[in-house]
Amino acid sequence: MTSTNPYRPGRDHTSRTYPVIPPIYQTTTFELDDTSYADIQGTGGLRETWYSRFNNPTVDAAAAEVARLHGASRSIMTASGMAAIATTLLTLLRSGDTVVASKQVYGDTDDLLQRDLPALGITVVRVDAFDTAAWERAARAHGPAVLYGETLSNPQLRLLDVPAVAAVARSVGARLVVDNTFATPFCTRPIELGADIVVESATKFLAGHSDVVAGAVTTDDEELAAEVQRRLITFGGCMDPHAAFLVWRGMRTFGVRLAEACSAAEIVATKMADEPGIDHVRHPSRLDHPDAGAVVDAVMPHAKGAMLSLVLAGGDERVLAVLRRLRVGVEATSLGGVETLASVPFNSSHFNMTPEQRLDAGIPPGMLRLSIGLEGADALVDDLRQAIAATAHDS
Ligand SMILES: *Cc1c(COP(=O)(O)O)cnc(C)c1O
């Protein structure tokens, strides 16, 4: 396309062929034609590319890739994981409705469930995520519109029995929404296991480089997707094209990154299990994992995830001392990057609980959470060993 009109700049590119990589369409708006007007008047402008809060080709490229990773028909990109979660829940719930939600959820999701949804007249009933009978009892007693849980919990790394909870949802006519951020579609594809909608923080493993905040909503239900998209348009949590490019680019290596990180996590888990100074290792690859057997086989049949929790002898003070001595792992919140990130639940993700509440939630003193990166298992094992040895006198 060539133009010599000075009022239509940027159209004189010389390439005759297509770019290999999707361009960043850093534009808010697109020229209108008869097809755009027909879509605006026909669907409210959901399909056509005409304004970037509705649709943008770079954002669409990222969405298509997330959907492909899930083997699902449709993904919608959002400004953050929380935008994905809040927009989805506010699409499915209205005043007078009930949501049955897991007790073990991400901190800001917990806030949304405890404070924001009740303020809108939505009843929130909490259950132990790993007790299928509890989901069933709550669903029968309350007739919820939505069941909500996380496929892999933080930092206990317990698995939601997605096929069983999906069956409960179907039996009461509710939708099952799951947050798959920790597990990722590399390890589990919840739509194939019966979930209606998957919400994810693409900030973490999907984008994978700790450089962009982003989210995604994925479903096989076109009507539901259109409903979520309509709320995203009115609530405004859309993804920026530049962020979409970073997410798309990160996902180019999703498979190889996750294969390496999951395999390294399993090796580190195995080696650390027998290490002096370590009381317990929690990883879904371990035979002493509480969900080992049927649930792990159904929900995470192949790779077992890149998240790992260690419980150190000597409690939280020891774990803080170990954290500060790490040379490879970085002391930081978040997960899913190229670099291994180490954090301690008691002073970050779960600081607002009492020690008793943490214990009740399966977070004992001395628990260290690791998001395994790409440094290689040997470097990480050596790093943990030197940090644990250097703090041996502390315990
Ligand atoms: C980080 C995270 C979120 C929130 O995602 P943002 O991209 O930070 O908004 C939600 N759920 C889980 C499990 C997370 O780890």
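On a predicted model such as this, the values are computed, not experimentally measured, just so you know. (Residues numbered from 1 in each chain as written. Predicted model: local features only at pLDDT ≥ 70, side-chain atom pairs only at ≥ 80, totals over all residues. Heavy atoms only, no water.)

### Comments concerning the nonpolar core
Core analysis: the largest hydrophobic core is formed by 60 residues, its most contacted members being Met77, Trp135, Leu147, Leu176, Met239 and Val247. Among the secondary structure elements, those contributing two or more residues to this core are α2 (57-70), β3 (123-127), α5 (132-142), α6 (162-172), β5 (175-179), α9 (241-251), α10 (254-273) and α11 (294-299). Looking at which domains feed residues into this core, each of domain 1 (34-251) and domain 2 (254-394) gives three or more. Sequence-distant contacts of Leu176, defined by excluding residues within four places in its chain, comprise Leu147, Val162, Val165, Ala166, Ala169, Ala195, Asp196 and Ile197. Counting 25 residues, the second-largest nonpolar core is a separate cluster that includes Val281, Leu326, Leu368 and Val381. (Core = buried A, V, L, I, M, F, W, Y, C linked by side-chain atoms within 4.5 Å. Buried < 20%, exposed > 50% of the residue type's maximum accessible area, 1.4 Å probe, protein only. Helix = DSSP H or I, 4+ residues; strand = E, 2+ residues; numbered from the N terminus. Domains from an automatic or database assignment. Contact = heavy atoms within 4.5 Å.)

### Observations regarding the domain arrangement of the protein
Frequently, the measure chosen for interface size is the accessible area that the parts lose on association. With domains assigned, the protein is organised as domain 1 (34-251) and domain 2 (254-394). Once you take the C-alpha centre of each, domain 1 and domain 2 turn out to be 27 Å apart. Counting residues at the interface gives 30 residues for domain 1 and 39 residues for domain 2. Interface area, domain 1 with domain 2, both sides summed: about 2,800 Å², of which 67% is carbon and sulfur. Together, Leu159, Phe186 and Phe205 form the three largest contributors to the area buried by domain 1 at its contact with domain 2, with a combined 26%. Linking domain 1 with domain 2 are one salt bridge, by the criterion used here. Close ionic contact of Arg158 with Asp291 constitutes a salt bridge, the shortest N to O distance being 2.8 Å. Counting across the interface, domain 1 meets domain 2 through 14 residue pairs in polar contact (both at pLDDT 80 or more). Of all the elements in the fold, those that place two or more residues in the side of domain 1 that touches domain 2 are α6, α7 (184-187) and α9. When residues in the side of domain 1 that touches domain 2 are grouped by element, the largest group, four residues, is from α7. Grouping the constituent residues of the side of domain 1 that touches domain 2 by class yields 18 nonpolar, nine polar and three charged. (Buried area = accessible area lost by both parts, 1.4 Å probe. Salt bridge = Lys/Arg side-chain N within 4 Å of Asp/Glu carboxyl O. Polar contact = N/O pair within 3.5 Å; in protein donor to acceptor, adjacent residues only side chain to side chain. Nonpolar A, V, L, I, M, F, W, Y, C, P; charged D, E, K, R; others polar.)

### So, the site of the ligand
With respect to spatial proximity, 13 residues lie near the ligand, and among them Gly81, Asp179, Ser201, Thr203 and Lys204 are the closest. Within the backbone of Gly81, one N or O atom sits 2.9 Å away from an oxygen atom of the ligand. With respect to the ligand, the side chain of Lys204 contributes an N or O atom lying 2.8 Å from an oxygen atom. For the shell around the ligand, the element with the most residues is helix α3 (residues 81-92), which contributes three residues. Its residues assigned to classes, the shell around the ligand shows six nonpolar, five polar and two charged. (Near = heavy atom within 4 Å.)

### Thoughts on the packing of α5 against α6
At a minimum axis separation of 10 Å, α5 and α6 run at an interaxial angle of 15°. It follows that α5 is roughly parallel to α6 by the angle criterion. The element α5 and its partner α6 pack so that their crossing is right-handed. Along the contact surface, α5 presents Thr132, Trp135, Glu136, Ala139 and Arg140, while α6 presents Ala164, Val165, Val168, Ser171 and Val172. Among the residues making up the contact of α5 with α6, the classes are represented as six nonpolar, two polar and two charged. (Axes fitted to C-alpha atoms, helices over the stretch in contact; angles between N-to-C directions. Parallel < 35°, antiparallel > 145°, perpendicular 65-115°, else oblique. Left-handed = near helix turned anticlockwise from the far one by under 90°.)

### Some words on the environment of Ala269
Within the secondary structure, Ala269 is located in helix α10. Overall, Ala269 belongs to the buried group, its relative accessible area being 0%. Taking the C-alpha atoms as reference points, Ala269 and Val381, separated by 112 residues in sequence, lie 9.1 Å from one another. For Ala269, the residues in contact, after removing those within four places along its chain, are Val281, His283, Arg286 and Leu308.

### A word on the sheet that holds β3
Read from one edge to the other, the open sheet built from seven strands follows the order β1-β7-β6-β5-β4-β2-β3, with strand pairing classed as mixed. Strands with a single pairing partner mark the edges of an open sheet, and in this sheet they are β1 (74-78) and β3. Along the sheet, successive strands turn relative to each other by an average axial angle of 20°, direction set aside. Judged from the three bridges that link them, strand β2 (residues 98-102) and strand β4 (residues 146-150) form a sheet pairing that is parallel. In the sheet register, Val99 faces β4, and the bridge partner there is Val146. Sheet contacts for α3: β1, β4, β5, β6 (197-201) and β7 (215-219); angle to β6, the most-contacted strand, approximately 155°. (Pairing = 2+ DSSP bridges.)

### Here's the deal with the side chain of His283
Considering the arrangement of structural elements, one finds His283 in the loop between β8 (278-282) and α11. Given the relative accessible area of 0%, His283 is considered buried. Of note is the side chain of His283, whose polar atom sits 2.9 Å from the backbone oxygen of Gly305.

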